[in-house]
Amino acid sequence: MIIHDPDGRNWVHWAVFNIPPNYNEIIENASGNNMPIGSIELNNQFRTPGYGGPEPPRGSWRHEYKMTLYALNTALINDLGSFRSYAEIISVLEGKIIAKAEITGTYSRD
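The model shown is predicted, which means the values in this text are computed figures rather than measured ones. (Residues numbered from 1 in each chain as written. Predicted model: local features only at pLDDT ≥ 70, side-chain atom pairs only at ≥ 80, totals over all residues. Heavy atoms only, no water.)

J.: Help me understand the overall build of the protein chain in this model?
T.: Each helix and strand counted, the protein chain has 1 helix and 5 strands in total. Listing each helix as α and each strand as β along the protein chain from the N terminus yields β-β-β-β-α-β. Against the compact-globule benchmark of 13 Å for 110 residues, the protein chain has a radius of gyration of 14 Å, which places it among compact chains. The dimensions of the protein chain, computed from C-alpha atoms along their principal axes, are 45 × 30 × 25 Å. The buried share of the protein chain, taken over its 110 residues, is 31%. Partitioning the intrachain contacts of the protein chain with sequence separation of at least 6 by distance along the chain shows that 64% fall at a separation of at least 24. Total accessible area on the protein chain is roughly 7000 Å²; 49% of this is exposed by carbon and sulfur atoms. (Helix = DSSP H or I, 4+ residues; strand = E, 2+ residues; numbered from the N terminus. Rg over C-alpha atoms; globule rule 2.2 N^0.38 Å. Buried < 20%, exposed > 50% of the residue type's maximum accessible area, 1.4 Å probe, protein only. Contact = heavy atoms within 4.5 Å. Areas by Shrake-Rupley, 256 points an atom, 1.4 Å probe, with all protein chains shown as cover.)

J.: How do you make sense of the pairing of strand β1 (residues 2-5) when you look at a structure like this?
T.: Side-chain direction in a regular strand flips from residue to residue, so the side chains alternate between the two faces of the sheet. The side-chain alternation of β1 yields two buried faces, one formed by Ile-2 and His-4 and the other by Ile-3 and Asp-5. In the sheet, β1 pairs with strand β2 (residues 11-17) via 4 bridges, with the strands oriented antiparallel. Residue pairing for β2: His-4 is matched across the bridge by Val-12. As consecutive antiparallel partners, β1 and β2 are separated by 5 residues, and within that stretch Arg-9 has a phi angle of approximately 60°, a positive value. (Pairing = 2+ DSSP bridges.)

J.: Looking at this structure, how should I read the packing of aromatic side chains?
T.: For any pair of aromatic rings, the description rests on two quantities: the centre-to-centre distance and the angle between the ring planes. Summed over the entire model, instances satisfying the criterion amount to 2 aromatic pairs. The interplanar angle of 65° and the centroid separation of 5.2 Å between the aromatic rings of Trp-11 and Phe-46 together place this pair among those described as edge-to-face. Here Phe-46 lies in the loop between β3 (40-41) and β4 (63-72) and Trp-11 lies in strand β2, a separation of 35 residues in the sequence. For Trp-11, a relative accessible area of 30% corresponds to the partly exposed category. (Phe/Tyr/Trp six-rings, centres within 6.5 Å; stacked < 30°, edge-to-face > 60°.)

J.: Looking at this structure, I do not really get unusual backbone geometry. What am I missing?
T.: Trans peptide bonds make up most of the peptide bonds, and negative phi angles are found at most residues other than glycine. Positive phi, normally seen in glycine, also occurs at Arg-9, with a value near 60°. Relative to the assigned elements, Arg-9 resides in the loop between β1 and β2. Phi is positive for Asn-29, close to 60°, though the residue is something other than glycine. Within the element layout of this structure, Asn-29 appears in the loop between β2 and β3. A relative accessible area of 62% places Asn-29 in the exposed class.

J.: Just checking my understanding: could you explain the side chain of Ser-39 for this structure?
T.: Along the chain, the position of Ser-39 falls in the loop between β2 and β3. Looking at Ser-39, the relative accessible area reads 17%, which means it is buried. Of the polar contacts made by the side chain of Ser-39, one reaches the backbone oxygen of Pro-36; its length is 2.7 Å. The contacts of Ser-39, once residues within four sequence positions are left out, are Val-16, Phe-17, Asn-18 and Ile-19. (Polar contact = N/O pair within 3.5 Å; in protein donor to acceptor, adjacent residues only side chain to side chain.)

Below is the structure:
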């Protein structure tokens, strides 16, 4: 699962790998505390582990935030390191994606 801001140069807000296939939800405020067993949260683009919320520059345009959940043809992704750019994450997934679901939200700050 990846949450990123394509308007902010594909800023990665959350990247989670190895979510067990029997999980059908991630509870609110799960990052860092109540993630599915076996899942791995990478550092976000703020260079902190787990989820980093939307934070477009004050007075900037409305940003889109895309949350994409990927179904992969492999059970585990290993050797991820602590941070990957959006392009690096997508390159790790290349050839492994069998389906995806995506939702987009928007946010701006005055």
